[in-house]
Amino acid sequence: VAQADLRETTHRLELLGVPSAEIQRLDRERTVRSEVSIRAPIAGRAIMRNLTRGEVVEMTQKIFTVADLSEVWVVGKVPEKDVQFIHPEQSVEVRATAYPGRVFPGTITYISDVLDPATRTMRLRVTVPNPKKLLKPEMFASVRVYAEPEPAVAMAPVSAVQRSGESSYVFVQLDHGTFERRPVVLGPETDQVVAVLDGLRD
């Protein structure tokens, strides 16, 4: 029983990050020091401290938060109509409000499987290298995604498309002052342009 207790206690000390040299010293000297170093499991910066000097803390209390800020996550919400343009491992541009005009390249590393029913948006996560530590947790940023254009597909301004019920059409200029109403089949759409799959030529 004593050997089992010893093994369990040794494993708990290892899980808490106590180095093996300190465990061997405990076994050898049979004394507990009044001060014990607490080692973080990762290298990084302490971004949160939840204690004061002399305070008694419980085992379950979170006293420090350590973060590796060499890479940061940017969490974005994509409108339902733009979900079709989002793909895993896609390269994107991140623009932080704190650095106007500056672009931080990133990669989409997570895409949610469900939409938020209240906002009709899809959640995604972008991993951004942050070697100079310019990007900080809780900053506001926007994510810009460039969709691959479809070959040989005509594009029209969204404002040029007229919609009537389930049908869409545009007006094509035949000559000066003469226009023809032409039904079209639409494809993917952005804020400015829409793909016209049928009904128009360049």
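Before any of the text, the structure's been laid out above.
Residues numbered from 1 in each chain as written. Predicted model: local features only at pLDDT ≥ 70, side-chain atom pairs only at ≥ 80, totals over all residues. Heavy atoms only, no water.

Caption draft 1: Quick look at the side chain of Ser 112. Turning to its location among the elements, Ser 112 is positioned in strand β5 (residues 104-116). A distance of 3.0 Å separates a polar side-chain atom of Ser 112 from the backbone oxygen of Val 114. With near-sequence residues (within four places) excluded, Ser 112 lies in contact with Met 122 and Arg 123. (Helix = DSSP H or I, 4+ residues; strand = E, 2+ residues; numbered from the N terminus. Polar contact = N/O pair within 3.5 Å; in protein donor to acceptor, adjacent residues only side chain to side chain. Contact = heavy atoms within 4.5 Å.)

Caption draft 2: Fine view of the side chain of Asp 82. The topology assignment puts Asp 82 in the loop between β3 (71-79) and β4 (91-96). On the basis of relative accessibility, which here comes to 19%, the residue Asp 82 falls in the buried class. At 3.3 Å, the side chain of Asp 82 forms a polar contact with the side chain of Lys 81. (Buried < 20%, exposed > 50% of the residue type's maximum accessible area, 1.4 Å probe, protein only.)

Caption draft 3: Quick look at the sheet that holds strand β7 (residues 141-144). Taken in spatial order, the five strands make up an open sheet running β3-β6-β5-β4-β7, and their pairing is antiparallel. Only two strands of the sheet have a single partner each, and these edge strands are β3 and β7. On average, adjacent strands in this sheet sit at an angle of 40° to one another, irrespective of strand direction. Two strands pair when backbone bridges link them, and β4 and β7 are joined in this way by four bridges, in the antiparallel orientation. Of the residues in β7, the one forming a bridge with Ala 96 is Ala 141. (Pairing = 2+ DSSP bridges. Axes fitted to C-alpha atoms, helices over the stretch in contact; angles between N-to-C directions.)

Caption draft 4: Seen up close, the environment of Arg 201. By secondary structure assignment, the location of Arg 201 is in the segment after β13 (193-198). For Arg 201, a relative accessible area of 77% puts it in the exposed group. For the pair Arg 201 and Val 153, spaced 48 residues apart in the sequence, the C-alpha separation amounts to 8.4 Å.

Caption draft 5: Layout of the nonpolar core. Counting 16 residues, the largest nonpolar core has Ile 86, Val 94, Phe 104, Val 126, Val 128 and Leu 135 as the members making the most contacts within it. Taken together, the elements giving at least two residues each to this core come down to β3, β4, β5 and β6 (121-129). Per-element accounting of this core gives the leading share, four residues, to β6. Those residues within four positions of Val 94 in sequence are excluded, and the remaining contacts are Val 74, Arg 102, Val 103, Phe 104, Val 126, Val 128, Ala 141, Ser 142 and Val 143. Grouped together as the second largest cluster of nonpolar side chains are eight residues, Ala 156, Val 161, Val 170 and Val 194 included. (Core = buried A, V, L, I, M, F, W, Y, C linked by side-chain atoms within 4.5 Å.)

Caption draft 6: Representation of the packing of aromatic side chains within the structure. For the structure on display, the rule yields two aromatic pairs. The ring of Trp 73 is capped by Arg 125, whose NZ or CZ atom sits 3.9 Å from the centre of that ring. The ring centre of Tyr 169 lies 3.7 Å from the NZ or CZ of Arg 181, which sits over that ring. (Phe/Tyr/Trp six-rings, centres within 6.5 Å; stacked < 30°, edge-to-face > 60°. Lys NZ or Arg CZ within 6 Å of the ring centre and 35° of its normal.)

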